Amino acid sequence: MLQRSNIVSPEEELQDFYEELRAQHVTPAWISGGVGVEPKSKAVPYVWHWRDLRPQAMRAAQLVGTEQAERRVLRLHNPELAGSSASNTLVANIQIVMPGEIARAHRHSPSALRFIIEGQGGYTVVNGSCIPMSPGDLVLTPNWTWHDHANDTDAPMIWLDGLDTPLVRMLEAGFYEQYGEEAQPVGEGADPSMAKYGAGGLRPAWEPAPTARYSPLWHYPLSQARATLERLAAEEVGSPFDGVILEYTNPLTGGPAMPTIACYIQLLQPGEHTQTHRQVCCTNYHVIEGSGYSLVGGRQLDWEDKDVFTVPTWTFHEHVNTGSRPAFLFSFTDAPVMKALDLYREEAQG
Ligand SMILES: [Fe+2]
């Protein structure tokens, strides 16, 4: 009869064996603890308040120039993660560009998004296309696209940066290149990616469809997203877990905005308290406007206008709008990575 073997060895002999293995850079797998039955993130639920972040961004702008700092960025780091990122695979940073300043052109294999928090005007140039930046707008600077930022207004421009840098670093796939000039020459037309792809459902037929896996649309204005959210909210539709939630899609495929990052915007009605669920993906949230709290893995994260908070992977969460106005949340996740690798799951509590 076949059965599991039971071999009892003297402790001393085992330790000698392990020592020998260590010297050969080999590890016996049976001594390193049990198998995890489900994901347990090292990251913890956490909220960064705008009332703390904004003064420090202004201070950074006084102390450091864009000559010294390639990007004047404050990294929000999760209290329990070794690196300086808000979540396991995605950073959430605050970047500030002062009146008259530029942040010079470069490109990198990590993909990035900008979600504008403060400042009217200013622009980002992506592969020669000039994209205007207004509060609540989402601007993409996908994998290996040239990008530089400029503030030609008389007030600070502040935005949230989201990048997949920790993921790309873990995969040891990071490339970086400096552009030959300080800034890219700006091509014809105002906001060309909007002009060509901003209508959704329609694309220029005189040129071949772009083959890049990221969205050819690089600018998603808040005005469009907000109008759609409000229209749907009036019809009382939406998710029991997220209220009225929309994904920013690649208009050619209907898929995520970028291969590694999915972006969402949601509306929570005054008094709304969502049901609880969890997913295999980490999520960073930015409160566009509104006040309330989220219960995340047993912690209460109180939030109001412009705060940033993070929900680690496979952590139960629910959202509560305690205010008298609708709350609007922007969020971005690594769900496309999980889905591409067949690792994605979600479940409701109870
Ligand atoms: Fe960059």
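In the block above lies the structure referred to throughout.
Presented here is a report on the structure given in the accompanying data block.

What counts, and at which threshold
Residues numbered from 1 in each chain as written. Predicted model: local features only at pLDDT ≥ 70, side-chain atom pairs only at ≥ 80, totals over all residues. Heavy atoms only, no water. Helix = DSSP H or I, 4+ residues; strand = E, 2+ residues; numbered from the N terminus. Buried < 20%, exposed > 50% of the residue type's maximum accessible area, 1.4 Å probe, protein only. Contact = heavy atoms within 4.5 Å. Areas by Shrake-Rupley, 256 points an atom, 1.4 Å probe, with all protein chains shown as cover. Lys, Arg positive; Asp, Glu negative; His and termini not counted. Charge placed at Lys NZ, Arg CZ, Asp CG, Glu CD. Donors = N, O, S within 2.8 Å, 3.2 Å for Na, K, Ca; no water. Expected span 1.5 Å × (residues − 1). Salt bridge = Lys/Arg side-chain N within 4 Å of Asp/Glu carboxyl O. Pairing = 2+ DSSP bridges. Axes fitted to C-alpha atoms, helices over the stretch in contact; angles between N-to-C directions. Phe/Tyr/Trp six-rings, centres within 6.5 Å; stacked < 30°, edge-to-face > 60°. Polar contact = N/O pair within 3.5 Å; in protein donor to acceptor, adjacent residues only side chain to side chain. Core = buried A, V, L, I, M, F, W, Y, C linked by side-chain atoms within 4.5 Å. Disulfide = S-S within 2.5 Å.

## Focus on the overall build of the protein
Tallying secondary structure elements over the protein gives six helices and 22 strands in all. The dimensions of the protein, computed from C-alpha atoms along their principal axes, are 75 × 50 × 50 Å. Here the protein holds 350 residues, and the buried ones make up 50% of them. Put simply, 74% of the contacts in the protein that link residues at least 6 apart link residues at least 24 apart. Total accessible area on the protein is roughly 18,000 Å²; 52% of this is exposed by carbon and sulfur atoms. Between the centroid of the 25 positive side chains of the protein and the centroid of its 42 negative side chains there is a distance of 1 Å.

## Thoughts on the coordination of the iron ion
Ideal geometry at a metal centre: 109.5 degrees between donors when four sit tetrahedrally, and 90 or 180 degrees when six sit octahedrally. Every protein donor of the iron ion is listed here as H106 (NE2), H108 (NE2) and H147 (NE2), and their distances to the metal cover 2.1 to 2.2 Å. Binding-site remark: the iron ion is held by donors from one chain whose sequence spacing is H-x1-H-x38-H. Residue H108 is located in strand β4 (residues 102-108), and its partner H147 is located in strand β9 (residues 147-150); the two are separated by 39 residues in the primary sequence. Judged by its relative accessible area of 10%, H108 is buried.

## Describing helix α1 (residues 11-23)
Over its 13 residues, α1 runs 19 Å from end to end, which matches the ideal 18 Å to within 8%, given 1.5 Å per residue. Note on α1: the residue one or two positions beyond its end, H25, has a positive phi of about 60 degrees.

## Details of the pattern of salt bridges
As enumerated under the stated definition, the model contains 14 salt bridges in all. Residue E101 pairs with R72 through a salt bridge whose shortest N-O separation is 2.7 Å. Remark: R72 occurs in the loop between α2 (50-63) and β2 (73-75) and E101 occurs in the loop between β3 (91-97) and β4; sequence separation between them is 29 residues. Salt bridges here are not isolated pairs; linked through shared partners, they connect E38, R278 and E347.

## So, the sheet that holds β4
What holds strands together in a sheet is hydrogen bonding between their backbones, with the strands either parallel or antiparallel. Sheet architecture is open: five strands sit in the order β7-β6-β9-β4-β11, paired in antiparallel fashion. The open sheet has two free edges, formed respectively by β7 (129-132) and β11 (176-178), since each of these has just one partner strand. The mean inter-strand angle of the sheet, taken between neighbouring strand axes irrespective of direction, is 25 degrees. One ladder, built from three bridges, connects β4 with β9; its direction is antiparallel. Bridging from a neighbouring strand, A103 pairs with H149 of β9.

## Examining the packing of aromatic side chains
One pass over the full model with this rule turns up ten aromatic pairs. Taking 6.0 Å as the distance between ring centres and 65 degrees as the angle between the ring planes, the aromatic pair formed by Y248 and F330 counts as edge-to-face. Taken together, the positions of Y248 in strand β13 (residues 244-248) and F330 in strand β21 (residues 327-333) put the pair 82 residues apart, joining distant regions of the chain. In terms of burial, Y248 and F330 fall into one category: buried. Of the aromatic side chains, those joined through ring pairs into one cluster are F115, Y220, Y248, F330 and F332.

## Here we look at the sheet that holds strand β12 (residues 219-220)
Spatial ordering of the open sheet is given by β2-β3-β10-β5-β8-β12, a layout of six strands whose pairing is antiparallel. The two strands at the open ends of the sheet, each matched to only one other strand, are β2 and β12. In terms of strand pairing, β2 meets β3 through three bridges, oriented antiparallel. For L74, the partnering residue across the bridge sits in β3 and is I94. In the packing of α2 onto the sheet, the strands contacted are β2, β3, β5 (112-118) and β10 (157-163), and the crossing angle to β3 comes to about 50 degrees.

## Looking at the side chain of H319
Here H319 is to be found in strand β20 (residues 317-321). Within the structure, the side chain of H319 is placed 3.4 Å from the side chain of Y285, a separation counted as a polar contact.

## Some words on the nonpolar core
Grouped together as the largest cluster of nonpolar side chains are 51 residues, with contacts concentrated most on I94, L113, L138, Y248, F330 and F332. When sequence neighbours within four positions are dropped, the list of residues in contact with L113 reads L138, V139, L140, L160, D161, G162, M258, I261, C263, F330 and F332. Ranked by size, the runner-up nonpolar core spans eleven residues in total, among them V47, V296, F309 and A327.

## Structural notes on unusual backbone geometry
Backbone geometry places K306, a non-glycine residue, at a positive phi of 75 degrees. By secondary structure assignment, the location of K306 is in the loop between β18 (299-303) and β19 (308-311). Not every positive phi belongs to a glycine, and W314 is a case in point at roughly 55 degrees. Along the polypeptide, W314 turns up in the loop between β19 and β20. The buried category is assigned to W314, whose relative accessible area is 10%.

## Some details on the state of the cysteines
What the rule picks out here adds up to zero disulfides. Here C263 is not cross-linked by a disulfide; its sulfur's nearest cysteine counterpart is in C281, at 12 Å. On the basis of relative accessibility, which here comes to 0%, the residue C263 falls in the buried class. Free of any disulfide, C282 has its nearest cysteine sulfur in C281, 6.9 Å distant.

## Let's talk about the side chain of H49
Summarising the element assignment, H49 is placed in the loop between β1 (46-48) and α2. Overall, the relative accessible area of 16% leaves H49 in the buried class. Not counting residues within four places of it along the chain, the set of residues in contact with H49 comprises D302 and D307.

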